[in-house]
Amino acid sequence: MVEIFDDIRKIYKFSPPCEELKNYIEFFSESSAEKTALHIPTEKFTVKMFESWTPTIWFNLGTPYQLTIKNKSYAVKTNEDILLLRNTIVTRHVLNTDHIFTVKFFPGGIEAVLGFNQVTLVNQIINLSAIISKTVIESIKVAASFEDRIILLQNYFIIRLQRSRQKDHYIKMVQDVIANCESGNFLLNTTQSAEKMFVTSKTINRYFNSVVGIGPKKYFSVLRARTALTAYNANKGTFFPSKFGYYDMSHFYKAIKKFTGRGLTVNQE
C-alpha cells in the first residue's frame, strides 16, 4: 500500500483529538485486525508513507515489525514504542499480527505539548520513554480499548500543554502561516506570507527552521504536493493544477514524480 495513491486509512481506526489539542494533533489511530483482514488478502505487506514533517508516535501493542527509512532498516521490538519525524519516505513492513496505536502531530505540535523540539528528530528514531514516562506509556498499553487509550493520553497531553504555554508564540506563528497556506493560498511566496503575518521573511525562515526543521519554501513544496495529489486522486475531472500553484499539468506531474518517485501516467487521468 502506498500513501495518498492508496487508501491506507481503511485498515485503521481513526479519531480526531479533543478541542484543546486540535491545533497540535492531527489524529489518533490504531491498526484494526478486522479491517486488515477485510482489505488485505496477504499475511505480509508494506505501507509506504511520504515526507510530511509531522512528528509521529507509534505505541507497539503487538508483535515486532520493521521500518525502512532512507534505505536503512530498523527492527522495532515487542513493546518498543518509538517517535519519528517522517522527514523522508518511511516504509513499514506489516504483518497481520501487528497492533499499533498512533499519534500524529502537526508540525511544531509535539514541542507545544511535550516541549520536545522536532528538529532533533531529523533522520532519527527515538525510544518514546525519552519524552514520556514509562508509567504513562504502560497505562496506554494496558488500556482496554482504542477509546480508553485516547482518553488517557489526551488527559496527559493537556496537563503537559498547560505547563508550556509560555513558549507557544513562535510555534503559533508557524502554525498560522501553515494554516493560511492550507486554506488555499498556495501561490504565496515566503515574503508574501511574512507580510500577512506582519513580520519579515527572515523571521519566518528562522521560525520554520527552529520549529519544523526546514525553511518555509521547502516545507510548502511538500505540503503543496501532498494536498494537490490528494485532490487529484479524489477527482481527476475537477482537478486544476493552477489552484495549487502549478503552471500546468506537466509541472504538476514533474513535481509529484520528484516528491514520490512515482510518475502519473496519462491513463490515470
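As a reminder, the structure under discussion sits directly above these lines.
Worth saying up front: this structure is predicted, and the values here are computed from it rather than measured. (Residues numbered from 1 in each chain as written. Predicted model: local features only at pLDDT ≥ 70, side-chain atom pairs only at ≥ 80, totals over all residues. Heavy atoms only, no water.)

**Points about the overall build of the protein**
Counting secondary structure elements, the protein contains nine helices and ten strands. The C-alpha radius of gyration computed for the protein amounts to 19 Å, which stays within 12% of the reference 18 Å derived for 269 residues, consistent with globular compactness. Considering only intrachain contacts with a sequence separation of at least 6, the fraction spanning at least 24 residues in the protein is 70%. When the accessible surface of the protein is split by element, carbon and sulfur atoms take 53% of a total near 13400 Å². (Helix = DSSP H or I, 4+ residues; strand = E, 2+ residues; numbered from the N terminus. Rg over C-alpha atoms; globule rule 2.2 N^0.38 Å. Contact = heavy atoms within 4.5 Å. Areas by Shrake-Rupley, 256 points an atom, 1.4 Å probe, with all protein chains shown as cover.)

**Here we look at the pairing of strand β5 (residues 65-69)**
Of all five residues in β5, four are buried; the element is thus mostly enclosed. One ladder, built from five bridges, connects β5 with strand β6 (residues 72-76); its direction is antiparallel. What sits directly across from L67, in β6, is Y74. A loop of two residues connects β5 with β6, the two strands running antiparallel in sequence, and K70 in this loop sits at a positive phi of about 50°. (Buried < 20%, exposed > 50% of the residue type's maximum accessible area, 1.4 Å probe, protein only. Pairing = 2+ DSSP bridges.)

**Comments concerning the sheet that holds β5**
The four strands are arranged β3-β8-β5-β6 in an open sheet whose pairing can be described as antiparallel. This sheet does not close on itself; its edge strands, each paired only once, are β3 (44-49) and β6. With strand direction ignored, the average angle separating the axes of adjacent strands in the sheet is 20°. (Axes fitted to C-alpha atoms, helices over the stretch in contact; angles between N-to-C directions.)

**Regarding the packing of aromatic side chains**
Counted according to the given criterion, the structure contains 20 aromatic pairs. Ring centres of F59 and F101 lie 5.6 Å apart, and the angle between their planes is 35°; on these two criteria the pair is classed as tilted. Remark: F101 occurs in strand β9 (residues 100-105) and F59 occurs in strand β4 (residues 56-60); sequence separation between them is 42 residues. Ring centres of Y170 and Y207 lie 6.3 Å apart, and the angle between their planes is 65°; this geometry places the pair in the edge-to-face category. Of the two residues, Y170 is situated in helix α5 (residues 169-182) and Y207 in helix α7 (residues 201-211); the sequence distance between them amounts to 37 residues. An aromatic cluster is built from Y232, F239, F244, Y246, F252 and Y253, whose rings are joined through pairwise contacts. Its guanidinium or amino end placed over the ring of Y246, R224 lies 4.3 Å from that ring's centre, counting from NZ or CZ. Here K236 stacks its cationic end above the ring of Y232, 5.2 Å away from the centre of that ring. (Phe/Tyr/Trp six-rings, centres within 6.5 Å; stacked < 30°, edge-to-face > 60°. Lys NZ or Arg CZ within 6 Å of the ring centre and 35° of its normal.)

**Focus: helix α4 (residues 146-163)**
Residues separated by three or four positions in an α-helix point in the same direction, a consequence of the helix having 3.6 residues per turn. Here α4 is 18 residues long and its end C-alpha atoms lie 26 Å apart, about the 26 Å a rise of 1.5 Å per residue gives. Among the residues of α4, F146, R149, I150, L153, Q154, Y156, F157, I158, R160 and L161 are the ones counted as buried. Buried-residue contacts for α4 involve β1 (12-15), β2 (25-31), β4, β9, α2 (109-114) and α3 (134-142). (Expected span 1.5 Å × (residues − 1).)

**Points about the environment of V136**
Residue position: V136 is located in helix α3. Owing to a relative accessible area of 17%, V136 belongs among the buried residues under this scheme.

**Brief notes about the packing of α7 against helix α8 (residues 216-234)**
Each pair of packed helices can be summarised by the angle the axes make with each other and by the distance between the axes. Between α7 and α8, whose axes approach to 9 Å, the crossing angle comes to 65°. In terms of axis orientation, α7 runs roughly perpendicular to α8. Across the interface between the two elements, I204, N205 and F208 of α7 pack against P216, Y219 and F220 of α8. (Parallel < 35°, antiparallel > 145°, perpendicular 65-115°, else oblique.)

**Focus on the pairing of β9**
Within β9, six of the six residues are buried, which leaves it mostly tucked inside the rest of the structure. Of the two faces of β9, the one carrying I100, T102 and K104 and the one carrying F101, V103 and F105 are both buried. Taken together, the five bridges between β4 and β9 define a ladder with antiparallel strand orientation. Note on β9: the bridge partner recorded for T56 is K104.

**Some details on the pattern of salt bridges**
Inspection of every chain in the model, using the stated rule, returns ten salt bridges. Residue R9 pairs with E26 through a salt bridge whose shortest N-O separation is 4.0 Å. Taken together, the residues R9 in the segment before β1 and E26 in strand β2 connect sequence positions 17 residues apart. Residue class for E26 comes out partly exposed when judged on its relative accessible area of 28%. Through salt bridges with shared partners, a single network forms among E3, R86 and R226. (Salt bridge = Lys/Arg side-chain N within 4 Å of Asp/Glu carboxyl O.)

**Notes on the environment of F259**
Note on placement: F259 falls in helix α9 (residues 249-260). Residue F259 is classed as buried on the basis of its relative accessible area, which comes to 13%. In sequence terms F259 and I89 are 170 residues apart; their C-alpha atoms lie 9.5 Å from each other. Excluding residues that lie within four positions of it along the chain, F259 makes contacts with F50, E51, V222, A225 and R226.

All quantities given are derived from atomic positions and should not be read as evidence of function.
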